[in-house]
Amino acid sequence: DAKTTQPPSMDCAEGRAANLPCNHSTISGNEYVYWYRQIHSQGPQYIIHGLKNNETNEMASLIITEDRKSSTLILPHATLRDTAVYYCIVSSQGGKLIFGQGTELSVKP
Amino acid sequence: GAVVSQHPSRVICKSGTSVKIECRSLDFQATTMFWYRQFPKQSLMLMATSNEGSKATYEQGVEKDKFLINHASLTLSTLTVTSAHPEDSSFYICSAERDRGVEAFFGQGTRLTVV
């Protein structure tokens, strides 16, 4: 079973920030938080990952709470092409990625 | 990011035949690859872990004799669906990790339709 809990769906206005929450209260000390997204009929796309510290790359920012029991993926300026299912996954390095149901993000004009 | 390629992207086969799907890491070596299956409107389900040079490890409920996995080199893993039936119709996706890497990269998926 997936070790994370995400809202099933969210809407976001184009150009605004999309903040996608994830709860992972049973995360272990050596487990990373990974975010992937899947656009319809494609393979998942890697977005970002983190262990303890907040992370930022060209796609998104990842904010991890101090107790590591939850995190938020931030897409700073959502576009219509960001419409996808977003998956939050916790796993150790080299470990299996077990997908939950994810959050279906709809970016609207 | 790293590139993982699957072939074919779509395949239609007759019931009772076998189908081979290839997963290649194009610009890195992958000691471990993973195979997933995804039915419509569902999430990805992990089928097996493929390790270069050794037998694959299958998840509970996945028939190893039906879904044959071979990982003969550091850049290629294959999944063969044997004696395919209509209920095997699905979206099959592979992923690969760089050696000593952290993140995994996914192929574009293979849509299998068994008629």
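The paragraphs below set out a description of the structure included in this document. (Residues numbered from 1 in each chain as written. Chains lettered and ligands numbered in written order. Predicted model: local features only at pLDDT ≥ 70, side-chain atom pairs only at ≥ 80, totals over all residues. Heavy atoms only, no water.)

### So, the overall build of chain A
In terms of helices and strands, chain A carries 0 helices and 9 strands. Put simply, chain A runs from its N terminus to its C terminus through helices and strands in the order β-β-β-β-β-β-β-β-β. Taking 2.2 N^0.38 as the reference for a compact globule, 109 residues should give roughly 13 Å; the C-alpha atoms of chain A span a radius of gyration of 13 Å, in line with that estimate. Structurally, chain A occupies a C-alpha span of about 40 × 30 × 20 Å along its principal axes. Residues classed as buried in chain A amount to 45% of the 109 residues present. Taking as baseline every contact in chain A between residues at least 6 positions apart, the subset at least 24 positions apart corresponds to 56%. Entry remark: accessible area of chain A is about 5600 Å², with carbon and sulfur atoms responsible for 47%. When the 9 positive and 10 negative side-chain charges of chain A are each reduced to one mean point, those points stand 3 Å apart. (Helix = DSSP H or I, 4+ residues; strand = E, 2+ residues; numbered from the N terminus. Rg over C-alpha atoms; globule rule 2.2 N^0.38 Å. Buried < 20%, exposed > 50% of the residue type's maximum accessible area, 1.4 Å probe, protein only. Contact = heavy atoms within 4.5 Å. Areas by Shrake-Rupley, 256 points an atom, 1.4 Å probe, with all protein chains shown as cover. Lys, Arg positive; Asp, Glu negative; His and termini not counted. Charge placed at Lys NZ, Arg CZ, Asp CG, Glu CD.)

### Observations regarding the packing of aromatic side chains
Each aromatic ring pair is summarised here by two numbers: the centre-to-centre distance and the angle between the ring planes. Tallied over the full model, the rule gives 11 aromatic pairs over all chains. Here the aromatic rings of A:Tyr87 and A:Phe99 are separated by 5.0 Å at their centres, their planes lie at 80°, and the arrangement is edge-to-face. Taken together, the positions of A:Tyr87 in strand E8 (residues 84-92) and A:Phe99 in the loop between E8 and strand E9 (103-108) put the pair 12 residues apart, joining distant regions of the chain. Grouping residues by exposure puts A:Tyr87 and A:Phe99 together as buried. For the pair B:Tyr36 and B:Phe106, a centre-to-centre distance of 5.7 Å together with 45° between the ring planes defines the contact as tilted. On the criterion of sequence distance, the pair formed by B:Tyr36 in strand E4 (residues 32-38) and B:Phe106 in strand E10 (residues 104-106) is long-range, its members being 70 residues apart. Assessed through its relative accessible area of 1%, B:Tyr36 is described here as buried. Three or more aromatic residues joined by ring pairs make a cluster, and in this case those are A:Tyr36, A:Tyr46, A:Tyr87, A:Phe99, B:Phe28, B:Tyr36, B:Phe105 and B:Phe106. (Phe/Tyr/Trp six-rings, centres within 6.5 Å; stacked < 30°, edge-to-face > 60°.)

### A look at the interface of chain A and chain B
In this complex, chain A contributes 20 residues to the contact, which on the side of chain B involves 21 residues. Across the chain A to chain B interface the summed buried area is about 1600 Å²; carbon plus sulfur atoms make up 55%. Our count for the contact surface shared by chain A and chain B stands at 1 salt bridge. The salt bridge partner of A:Lys96 is B:Glu59, with a shortest N-O separation of 3.0 Å. Counting every contact that joins chain A to chain B gives 6 residue pairs in polar contact (both at pLDDT 80 or more). Of all the secondary-structure elements, those providing two or more residues to the side of chain A that touches chain B are strand E3 (31-38) and strand E4 (45-50) of chain A. If you tally residues by element for the side of chain A that touches chain B, the top one is E3(A), at 4 residues. (Buried area = accessible area lost by both parts, 1.4 Å probe. Salt bridge = Lys/Arg side-chain N within 4 Å of Asp/Glu carboxyl O. Polar contact = N/O pair within 3.5 Å; in protein donor to acceptor, adjacent residues only side chain to side chain.)

### What to know about the pairing of strand E9 (residues 90-97) of chain B
Residues and elements named next belong to chain B. When you tally the buried positions in E9, you get 8 out of 8 residues, the bulk of the element. Bridge count between E4 and E9: 7 bridges; the pairing is antiparallel. Note that in E9 the partner of Gln38 across the bridge is Phe91. As paired strands, E9 and strand E11 (residues 110-114) are joined by 3 bridges and run antiparallel to one another. Looking at the pairing, Phe91 lines up with Arg111 of E11. Looking at chain direction, E9 and E10 are connected through 3 bridges and run antiparallel. Across the sheet, Glu97 pairs through a bridge with Ala104, a residue of E10. (Pairing = 2+ DSSP bridges.)

### Let's talk about the pattern of salt bridges
All names here are of chain A. Scanning the entire structure with this criterion turns up 5 salt bridges over all chains. Between Arg37 and Asp82 there is a salt bridge, and its shortest N-O distance comes to 2.8 Å. Separated by 45 residues along the polypeptide, Arg37 in strand E3 and Asp82 in the loop between strand E7 (70-75) and E8 bring together distant segments of the chain. For Arg37, a relative accessible area of 10% puts it in the buried group.

### Some remarks on the sheet that holds strand E2 (residues 18-23) of chain A
Across the sheet, 4 strands lie side by side as E2-E7-E6-E5 (chain A); this open sheet has antiparallel pairing. Looking at the sheet topology across the chains shown, the edges are occupied by E2 and strand E5 (55-56) of chain A.

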